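Examination of the molecular architecture
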Amino acid sequence: MSVSARYTRYLAFALVGLTFFYLVSRSSLEIPTSSSFAPARPTYEEVKGEKAQSAVSVGLDQSNSQTQRVNATFVTLARNSDIWEIAKSIRNVEDRFNRNFHYDWVFLNDKDFDDEFKKLTTALVSGTTHYGRIPEDHWSYPDWIDQDKAREARQEMGRKKIIYGDNEAYRHMCRYESGFFFRHPLMMNYEYYWRVEPSIELFCDVPGDPFRFMKENNKKYSFVISLYEYYETIPTLWDSVKGFMKSHPEHIADGNAMEFISEDGGETYNKCHFWSNFEIGSLEWLRSKQYIDYFSTLDHDGGFFYERWGDAPVHSIAASLMLKADEIHFWNEIAYYHVPFTHCPSSEKTRLDLRCHCKPSENFDWAGYSCTKRWFDVNKLQKPDGWDSQQ
Ligand SMILES: Nc1nc2c(ncn2[C@@H]2O[C@H](COP(=O)(O)OP(=O)(O)OP(=O)(O)O)[C@@H](O)[C@H]2O)c(=O)[nH]1
Ligand SMILES: *[C@@H]1O[C@H](CO)[C@@H](O)[C@H](O)[C@H]1NC(C)=O
Ligand SMILES: [Mg+2]
């Protein structure tokens, strides 16, 4: 057979084949499409119903009344120079949650925000943005503080290479987050807050509305990561707390979570704290007389300046003493990173249901330096599936 004859024959076969394929595909044969192999991405309506149910089993309740927003806002304390780091955080929060809800976002700063910062963050946030300047007297030395003593303390902690030990602004920041952000005029418009810091990541879809969960389940404070504090930053914090407990026994809650933070009935602090760079909490609680009395006791004792008390142990001790243990919530399904720790849900089912992209081997929950196992144990909570293989 000549070469050209062979080609003619191939051509004829091909034509017959194509015609056959065309006829069959027009009639009954189902051509598999990609949707046969991979489930189609559910619509938001479906997520509300069906994903919601798996969410219930991991803790986050889904009511079907999601069209109704809770009286809540995101809040970020930042400098103008934090612009690119906060842009990344906002993008994460929007993609994984807020694009479906459009909650407001309040930005606070000890200086004025510049136009570049405002323009970009307003473009990224799907809700309404508000920009507030911190009043001078919330970001300066109270008159009872001896500023020479404070300076010497900073120099000494700097020499000892304690993290942020010599940093003055960091101290104002920790004091502000401990005692003031929730009473900024812009924050007075809300009942709940979700704190977001620069350069964080969210790794899973948030299955529902955490604000609504807080409200419907009477939660006042919540966390994703907990760990032990550096002792050198808080040597006399517990003395101050004991002074408060003595002068205000009426503020200590029945059924509190004291056992989480003390292993000897309140004699000493075990340094466990919720990591406050992530928080979803009740502003009403922080504005309560209990919390304000607590903060002023600590503030008058001077450790924000003479030591380097962080807002994380300050909030955590308050929550553990003045709330009922079940008013504090651990979010297994909010997967989170702030340098250097990750919370990634232990259970593979949760990770797949919520389209997580975190590495389970990086989950910090059950590591030695974490307090989360203690949180589960003292509250007799059931640990999530898969936790034991991550230890
Ligand atoms: N406006 C303002 N915001 C600040 C200042 N210092 C820190 N912040 C903000 O306060 C929050 C905590 O500060 P970070 O520097 O993240 O402190 P950190 O999380 O303890 O430590 P790293 O993130 O590890 O550096 C962040 O939202 C910062 O943007 C400041 O001097 N002025
Ligand atoms: C939201 O909460 C604040 C603080 O409690 C309150 O003043 C305000 O009226 C509330 N707004 C709405 C719409 O309920
Ligand atoms: Mg930070």
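Note that the coordinates shown come from a computational prediction; the quantities given were computed from them, not determined experimentally.

This part is about the overall build of the protein chain. A tally of helices and strands in the protein chain yields 15 helices and 12 strands. In the protein chain, which comprises 391 residues, the share counted as buried stands at 53%. Put simply, 78% of the contacts in the protein chain that link residues at least 6 apart link residues at least 24 apart. Counting every atom, the protein chain has about 19100 Å² of accessible surface; 52% of that belongs to carbon and sulfur.

Another aspect to go through is the coordination of the magnesium ion (ligand 3). Note on metal sites: the ideal angle is 109.5 degrees for four tetrahedral donors, and 90 or 180 degrees for six octahedral donors. Within the protein, the magnesium ion (ligand 3) binds to Glu197 (OE) and His338 (NE2); these donor distances fall in the range 1.9 to 2.2 Å. Here His338 lies in strand E11 (residues 336–338) and Glu197 lies in the loop between strand E4 (192–195) and strand E5 (201–202), a separation of 141 residues in the sequence. Assigned by exposure class, Glu197 and His338 land together as buried.

By nearness alone, every residue bordering ligand 2 is listed as Asn71, Met188, Asn189, Tyr190, Glu191, Glu284 and Arg287. A distance of 2.3 Å is found between an oxygen atom of ligand 2 and a side-chain nitrogen or oxygen belonging to Asn71. One nitrogen or oxygen atom from the side chain of Glu284 is found 2.7 Å from an oxygen atom belonging to ligand 2. Contact with the protein chains hides 40% of the accessible area of ligand 2, taken as 360 Å² for the molecule alone.

Taken together, 14 residues are adjacent to ligand 1, and Leu77, Asp82, Asp110, Tyr164 and Tyr170 come closest. Within the contact set of ligand 1, a nitrogen atom lies 3.0 Å away from a backbone nitrogen or oxygen of Ala78. Protein coverage of the free-state accessible area of ligand 1, which is 610 Å², stands at 81%. Here the element with the most residues in the shell around ligand 1 is helix H6 (residues 168–179); it accounts for three residues.

Formed by 61 residues in total, the largest nonpolar core has its most connected members in Leu108, Phe181, Tyr291 and Tyr294. The element best represented in this core is helix H13 (residues 311–322), accounting for six residues. Among residues more than four places away in sequence, those in contact with Leu108 are Val75, Thr76, Leu77, Ala78, Phe113, Gly132, Ile134, Tyr176, Phe181, His184, Leu186 and Met187.

Attention now goes to helix H5 (residues 147–159). Helix length check: H5 (13 residues) gives 18 Å between terminal C-alpha atoms against 18 Å at 1.5 Å per residue, within 8%. All buried positions along H5 are accounted for by Ala150, Ala153, Arg154 and Met157. The arc enclosing the buried residues of H5, seen along the axis, measures out at 100°, which places them on a common side. Among the exposed residues of H5, those pointing more than 90 degrees away from its buried face are Glu152 and Arg159. In this fold, the buried residues of H5 make contact with H6 and helix H12 (303–306). Of the residues that open H5, the one with a side-chain oxygen 3.0 Å from the backbone nitrogen of Asp148 is Asp146.

Before going further, it helps to examine the state of the cysteines. As used here, a disulfide is simply a covalent bond connecting the sulfur atoms of two cysteines. The final tally for this structure, using the stated rule, is three disulfides. Between the sulfur of Cys204 and that of Cys356 lies a disulfide, 2.0 Å long from S to S. The sign of the 110° torsion about the S-S bond sets the Cys204-Cys356 disulfide as right-handed. Residue Cys204 is found in the loop between E5 and helix H7 (210–216), and its partner Cys356 is found in the loop between helix H14 (348–353) and helix H15 (372–378); the two are separated by 152 residues along the sequence. Across this residue pair, the class does not change: Cys204 and Cys356 are buried. Sulfur-sulfur distance for the disulfide between Cys272 and Cys371 comes to 2.1 Å. Every disulfide takes its handedness from the sign of the S-S torsion; for Cys272 and Cys371 that torsion is -85°, giving left-handed. In this pair, Cys272 is assigned in strand E8 (residues 272–274) and Cys371 in the loop between H14 and H15, connecting sequence segments 99 residues apart. Overall, the relative accessible area of 1% leaves Cys371 in the buried class.

With that settled, the discussion passes to the sheet that holds E4. Reading across from one edge, E3-E2-E1-E4-E9-E6-E10 is the order of the seven strands in this open sheet, with mixed pairing throughout. Edge strands, defined here as strands with exactly one partner in the open sheet, are strand E3 (129–133) and strand E10 (328–330). Strand-to-strand twist in this sheet, taken as the mean axis angle between neighbours without regard to direction, amounts to 20°. Sheet analysis places strand E2 (residues 104–109) next to E3, joined by five bridges and oriented parallel. Across the sheet, the residue bridging to Trp105 is Thr129, located in E3. Strands E2 and E3 of the sheet are contacted by helix H4 (residues 115–124), whose axis makes an angle of about 150° with E3.

Moving on: the side chain of Glu327. Positionally, Glu327 belongs in the loop between H13 and E10. By relative accessible area, Glu327 is classed as buried at 10%. Not counting residues within four places of it along the chain, the set of residues in contact with Glu327 comprises Asn218, Lys219, Lys220 and Tyr221.

Procedures and definitions
- Residues numbered from 1 in each chain as written.
- Chains lettered and ligands numbered in written order.
- Predicted model: local features only at pLDDT ≥ 70, side-chain atom pairs only at ≥ 80, totals over all residues.
- Heavy atoms only, no water.
- Helix = DSSP H or I, 4+ residues; strand = E, 2+ residues; numbered from the N terminus.
- Buried < 20%, exposed > 50% of the residue type's maximum accessible area, 1.4 Å probe, protein only.
- Contact = heavy atoms within 4.5 Å.
- Areas by Shrake-Rupley, 256 points an atom, 1.4 Å probe, with all protein chains shown as cover.
- Donors = N, O, S within 2.8 Å, 3.2 Å for Na, K, Ca; no water.
- Near = heavy atom within 4 Å.
- Polar contact = N/O pair within 3.5 Å; in protein donor to acceptor, adjacent residues only side chain to side chain.
- Core = buried A, V, L, I, M, F, W, Y, C linked by side-chain atoms within 4.5 Å.
- Expected span 1.5 Å × (residues − 1).
- Arc of directions from axis to C-beta.
- Disulfide = S-S within 2.5 Å.
- Pairing = 2+ DSSP bridges.
- Axes fitted to C-alpha atoms, helices over the stretch in contact; angles between N-to-C directions.

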